[in-house]
Amino acid sequence: MTTYRTFDHTADLGIEVYGRTRKELFGHAAEALADLLADPGTDPPDRTFRICATGEDGPDLLVNFLREILYQFHGNRLLLRQIRVTHLTKNEICAEAEGEVLDCTGGHRRREVKAVTYHQASLSRDGSGRWTARVILDV
Amino acid sequence: MSDIKLEKIDEFRWRIPAEGGMRVPGIIYSSDRLMKGAGKDESPRQVANVAHLPGIVKYSLAMPDMHWGYGFPIGGVAAFSLEDGVVSPGGVGYDINCGCRLLTTKLREEDVRDRLRDLTVGLFRDVPSGVGSRGPIRLSPQDERRVLVEGARWAVENGFGTPADLETTEDGGAMAGADPETVSDRALERGREQLGTLGSGNHFLEIEVVGEVFDRGAAAAFGLEEGGIAVMIHSGSRGLGYQVCDDYLARLVRHVRTLDMELPDRQLACAHLTSPEGRQYLAAMACAANYAWANRQMLMHWTRESFQRTLGMSPRDLGMQLVYDVCHNIAKIETFPLDGKPVRLCVHRKGATRAFPPGHKSLPPRYRSSGQPVLIPGDMGTGSYVLAGTEKAFAETFGSTCHGAGRVMSRAQATKASRGRSIPQEMSARGVVVMAAGKETLREEIPEAYKNLDEVVSVVDRAGLSRKVAKLRSLGCIKG
């Protein structure tokens, strides 16, 4: 199953993410962002990390969650993989993930993502119960 | 397609009438040709959205390089009353104090023609660039705080350049009101490793030659002569600035909900200039602006050293002088005439450049009669423009003009359009040596991805928002 696709946006890059459940949707969104940031190395992940975020509504929670993933990447050079959402309410999320600390040369970095924006951030559910989220990244 | 109502006022101006929640009209400076493209994206709607913000003065403006942004359009200018107006991180952008600086040299094109590749490779070696690049400097937390308050002055005091450089940097390279206490640990963390790096995307360092001079008087004041070699640097506040913007956007999205304020777009989150939140954002933004000035000062210092090393020439013989450093993503408290009286306003320029007129007291003495040098970076391999500020910009656009070409193709479209092509070879055929840390950047930055710079500059020149002084042609380009 395709978990996400990118879509075009004049100066920037959008991601459209799918999930059978809301929980899966958030996990897929985080993995989509990680996928765009860098190629994983061949070494096994260094250790397990926990990421948490809060938000005022669905889109706010998703944006804030992705901002955490992005901060770990920029601030700690930590590329998170196999992201599993362990706790999800209307306003809170926690996830566990395997993390890989990228080397200083940033050899397998793919692109610079400046920020996860609120612009047109959305979460929706279709008649069959499938979830879709859209977020635009400033690149 | 935007359903916004656009009324043509004259050859270069379109009005969006104040309707619904708009407090003032919108005014777009453009041409018939550029407007055909602008109508396709959401930027006119964004001009209208900005007009909803409290305390906005006169109108919500957009420059001819206008394109779609977050909250505010890129190319947007808006001024707010200090009493009942707001400041919005989305009106400044993620790359706080993204800007340009231009250096002249005593070299002529014929002096470097055979050394162009060596000079470009030298710059690529000596100036850190690329995605997530780290600089050779490791700042201590104490030094970083000094950078945030002192800006380019910190760099000069630490051996990166000379005090004369500060005279020709906007605000002397240090914006007042910076308070490191308002900057998050995350932003500080990101800032410590990246000082003195060019970055990636549309940032560049370019060797250029003065190709055409339009205004001899101003060109002489700026030290520009036909055939002379110059260097343009385009960079910003790196991860520190992005993080400051991100932190305050999140905070102000929450803050706006506590107020009785209806906003058409969450990305327009803002705070009153009189509120603690508004003041703190301005203090943090000033820190990021100062970081960017220190950053460009260091990039310039290494550029000078790189030229000396490659050409085996002394600083005196090279004579690499800073013409000016000016930013194009900022919010500043400046004084403008309003109903015949001078009034202090908070002017947001997001992808717009300050263009102050001859005689303005903020200009260094040597530019008092020419007006402020305005640096307009072009797309890769096209070159740049140098303009001069005017009275008309001061009267009509809060002393602002365009900032560049503006994208017309998305990055994905550009990547697709460049498939199967060798961009370095194409550039080489135009006589431009290009070096890039990432191949993807070159594809995304192909010249046809941008609006025609000549057209954009022609609009601001003919509309009187700035005067054309000189056009520079690219010779060698470093991309991140």
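Residues numbered from 1 in each chain as written. Chains lettered and ligands numbered in written order. Predicted model: local features only at pLDDT ≥ 70, side-chain atom pairs only at ≥ 80, totals over all residues.

Asks: What is the right way to read the nonpolar core from this model?
Replies: The tendency in soluble globular proteins is for nonpolar side chains to be buried side by side. Ranked by size, the top nonpolar core spans 202 residues in total, and within it A29(A), A30(A), L62(A), L66(A), V135(A) and M285(B) carry the most contacts. In terms of residue count, helix 11 (residues 276-311) of chain B provides more of this core than any other element does, 17 residues in total. Apart from residues no more than four positions distant in its own chain, M285(B) is found in contact with V92(B), I96(B), V244(B) and A331(B). (Core = buried A, V, L, I, M, F, W, Y, C linked by C-beta atoms within 7 Å. Buried ≥ 20, exposed ≤ 12 C-beta atoms within 10 Å, placed from the backbone. Helix = DSSP H or I, 4+ residues; strand = E, 2+ residues; numbered from the N terminus. Contact = placed C-beta atoms within 7 Å.)

Asks: Could you clarify how one ought to interpret helix 8 (residues 185-194) of chain B in this entry?
Replies: Residues separated by three or four positions in an α-helix point in the same direction, a consequence of the helix having 3.6 residues per turn. Looking only at helix 8 of chain B, the buried set comprises A187(B), L188(B), R190(B), G191(B), E193(B) and Q194(B). If you follow the buried residues of helix 8 of chain B, they end up packed against helix 2 (58-76) of chain A together with helix 5 (141-150), helix 10 (238-258) and helix 11 of chain B. Looking one or two residues beyond helix 8 of chain B, the residue adopting positive phi is G196(B), at roughly 85°.

Asks: Even after reading the chapter, I still don't get unusual backbone geometry, so can you show me in this structure?
Replies: Negative phi characterises most residues that are not glycine, and trans characterises most peptide bonds. Notably, R77(A) is not glycine yet its phi reads approximately 50°, a positive angle. Looking at the element boundaries, R77(A) is found in the loop between helix 2 and strand 4 (78-88). Even without being a glycine, N97(B) presents a positive backbone phi close to 55°. Relative to the assigned elements, N97(B) resides in the loop between strand 6 (86-87) and strand 7 (99-108).

Asks: How should I be thinking about the interface of chain A and chain B in this particular structure?
Replies: Interface size is often expressed as the accessible area that is lost when the parts come together. Counting residues at the interface gives 24 residues for chain A and 29 residues for chain B. The set of elements that each furnish at least two residues to the side of chain A that touches chain B consists of strand 1 (4-9) and helix 2 of chain A. Element by element, the count of residues in the side of chain A that touches chain B is highest for helix 2 of chain A, at six residues. Residue classes in the side of chain A that touches chain B are distributed as seven nonpolar, eight polar and nine charged. (Nonpolar A, V, L, I, M, F, W, Y, C, P; charged D, E, K, R; others polar.)

Asks: Can you walk me through the environment of R354(B) in this structure?
Replies: With respect to the helices and strands, the residue R354(B) is situated in strand 14 (residues 353-354). The contact partners of R354(B), leaving out residues within four places of it in the chain, are E170(B), V326(B), R349(B), Q372(B), G399(B) and S400(B).

Asks: I tried to follow the packing of helix 4 (residues 116-126) of chain B against helix 11 of chain B on my own but got confused; where do I start?
Replies: Residue and element names in this part refer to chain B. One way to put it is that helix 4 packs onto helix 11 with a least axis distance of 9 Å and a crossing angle of 135°. In terms of orientation, helix 4 and helix 11 fall into the oblique class. The element helix 4 and its partner helix 11 pack so that their crossing is right-handed. Where helix 4 abuts helix 11, its residues D118, L119, G122, L123 and D126 lie against W302, T303, E305, S306, F307, R309 and T310. Among the residues making up the contact of helix 4 with helix 11, the classes are represented as four nonpolar, four polar and four charged. (Axes fitted to C-alpha atoms, helices over the stretch in contact; angles between N-to-C directions. Parallel < 35°, antiparallel > 145°, perpendicular 65-115°, else oblique. Left-handed = near helix turned anticlockwise from the far one by under 90°.)

Read these as layout, nothing more, since geometry by itself doesn't imply function.
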